[in-house]
Amino acid sequence: MASIIKIQNLRKVYPVGKERIVALDNVSFEIEQGEICCILGTSGSGKSTLLNQLAGLEKPTKGSVVIGKTNISTLSENRLAKFRQKYIGFVFQSYNLLPAYTALENVAMPLMFRGMSKGKRNKKAAQLLKLVGLGKRIYHKPTQMSGGQQQRVGIARAFVCKPKIIFADEPTGNLDSQTPRDVMELMVNPCRQYNETLVLVTHDRDLALYADRIITLQDGRIINDEKNQSIARTEEQIQAEQEAKEPTEEKEQETAEQTEES
Ligand code: ADP
Ligand code: MG
């Protein structure tokens, strides 16, 4: 499989007063097209710094980030902004919705940069909002929605341009109870369906289990890079698997009959 993201010897140093904080120390890896990849680590381990370099929101001190065939570390701000608009969607912990605009306008906004007509933009945005379960909330403004609903708007906005890659930094960090699981499924399912790549940052191992691969960071270095053996499944899948494992009495009887026959 072709890799869509390739980072080599990435280093990020922040000067703070006279000190220099090494937030990323010589990090290298590749992510394949369609991979759901989680960056896991405790607070301060360098997760956001890494994601910001990957998405081209910050320039690395050393090393390179190549997306597709483009070395984004060397692009000018102007070209980088265009590149992001075309290929990248971003989901933020604090949603980053424009407060004065409705859910529909927030989601339709990225399509404006594509030169799409207003009618088409609104139609597309309404479709996406319906997909995330907000069909009845399209004219609500952010303050008229719960955190979970706002994040659904954020997800619809990230996906509306059909980006090749979605980056999400602690997307469920401000949510409580059941909502994180719903939000995770809303991001992971379309990525699996359309072979889009998801790079997700979290400190929560339970949420990391939605990913195909988990990269663990500590003090700006990768300390573990593993395939996820126990991809989190939906309730239905878990039930179906359990049923397959524990045959019902009827099935047991059938098996017994078959054994007798043979
Ligand atoms: P995480 O997202 O895993 O919590 P961060 O990537 O935000 O971690 O931070 C990694 C380290 O870099 C921390 O020690 C943090 O204090 C430092 N850091 C992050 N951003 C800056 C910045 N803009 N200026 C100075 N230090 C920073
Ligand atoms: Mg962070």
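So, here is what we can say about the structure in this document. Because the structure is predicted, anything quoted here is derived from the model rather than measured.

To continue, consider the pairing of strand 10 (residues 221–227). Both strand 9 (residues 213–218) and strand 10 contribute to a ladder of 6 bridges, which runs antiparallel. By the bridge assignment, isoleucine 215 is partnered in strand 10 with aspartate 225. With antiparallel pairing between neighbouring strands as the criterion, strand 9 and strand 10 make up a hairpin whose turn holds 2 residues, including aspartate 219 at a positive phi of roughly 50 degrees.

This next bit is on helix 1 (residues 47–54). Judged by how many residues are buried, helix 1 sits mostly within the fold: 7 of 8 residues are covered. Restricting attention to buried positions, one finds in helix 1 the residues Lys47, Thr49, Leu50, Leu51, Asn52, Gln53 and Leu54. Just past helix 1, the residue glycine 56 takes up positive phi, approximately 75 degrees.

Before going further, it helps to spend a moment on the pairing of strand 4 (residues 62–67). By the bridge criterion, 5 bridges tie strand 1 (residues 3–16) to strand 4 in an arrangement that is antiparallel. Residue pairing for strand 4: isoleucine 7 is matched across the bridge by valine 65. Relative to strand 5 (residues 70–71), strand 4 runs antiparallel, the two being bridged by 2 bridges. Among the inter-strand pairings, isoleucine 67 is bridged to a residue of strand 5, identified as threonine 70. The hairpin formed by strand 4 and strand 5 contains 2 residues between the paired strands, and glycine 68 there has a positive phi angle of roughly 60 degrees.

The next thing to look at is the sheet that holds strand 1. In spatial order, the strands read 2-1-4-5; together these 4 strands make up an open sheet with antiparallel pairing. In this open sheet, the two edge strands, each paired with only one partner strand, are strand 2 (19–32) and strand 5. Pairing geometry for strand 1 and strand 2, over 10 bridges, is antiparallel. Counterpart to valine 13 in the pairing with strand 2 is valine 22. Contacts from helix 1 reach strand 1, strand 2 and strand 4 within the one sheet, and its direction differs from that of strand 1 by about 125 degrees.

With that settled, the discussion passes to empty space enclosed by the protein. If you walk through the whole model with that rule in mind, you get 1 cavity of 30 Å³ or more. Its boundaries defined by the atoms lining it, the largest cavity holds a volume of some 50 Å³. Around the largest cavity, the lining residues are Gln53, Gly56, Glu58, Lys59, Pro60, Val65, Ile72, Ser73 and Leu80. Along the lines of polarity and charge, the residues of the lining of the largest cavity split into 4 nonpolar, 3 polar and 2 charged.

Attention now goes to helix 3 (residues 103–112). Residues separated by three or four positions in an α-helix point in the same direction, a consequence of the helix having 3.6 residues per turn. In terms of burial, helix 3 is a largely internal element, 7 of the 10 residues being buried. Every buried residue of helix 3 is accounted for by Ala103, Leu104, Asn106, Val107, Ala108, Met109 and Leu111. Structurally, helix 3 contributes buried residues whose contacts are with helix 4 (118–131) and helix 5 (147–159).

The biggest cluster of nonpolar side chains holds 41 residues, and the ones touching the most others in it are Val107, Leu129, Val153, Met187 and Leu198. When residues in this core are grouped by element, the largest group, 6 residues, is from helix 6 (residues 179–194). Every residue in contact with valine 153, bar those within four places of it in the chain, is listed here: Leu97, Ala103, Asn106, Val107, Leu129, Leu134 and Met145. Counting 28 residues, the second largest nonpolar core, distinct from the first, contains Leu24, Ile31, Leu75 and Phe90.

Rules behind the numbers
Residues numbered from 1 in each chain as written. Chains lettered and ligands numbered in written order. Predicted model: local features only at pLDDT ≥ 70, side-chain atom pairs only at ≥ 80, totals over all residues. Heavy atoms only, no water. Pairing = 2+ DSSP bridges. Helix = DSSP H or I, 4+ residues; strand = E, 2+ residues; numbered from the N terminus. Buried < 20%, exposed > 50% of the residue type's maximum accessible area, 1.4 Å probe, protein only. Contact = heavy atoms within 4.5 Å. Axes fitted to C-alpha atoms, helices over the stretch in contact; angles between N-to-C directions. 1 Å grid on protein atoms, 1.4 Å probe; cavity = no way out; pocket = protein on both sides within 12 Å on 5 of 7 lines; lining within 4 Å. Points joined across faces, edges and corners; volume = space filled by probe spheres on them. Nonpolar A, V, L, I, M, F, W, Y, C, P; charged D, E, K, R; others polar. Core = buried A, V, L, I, M, F, W, Y, C linked by side-chain atoms within 4.5 Å.

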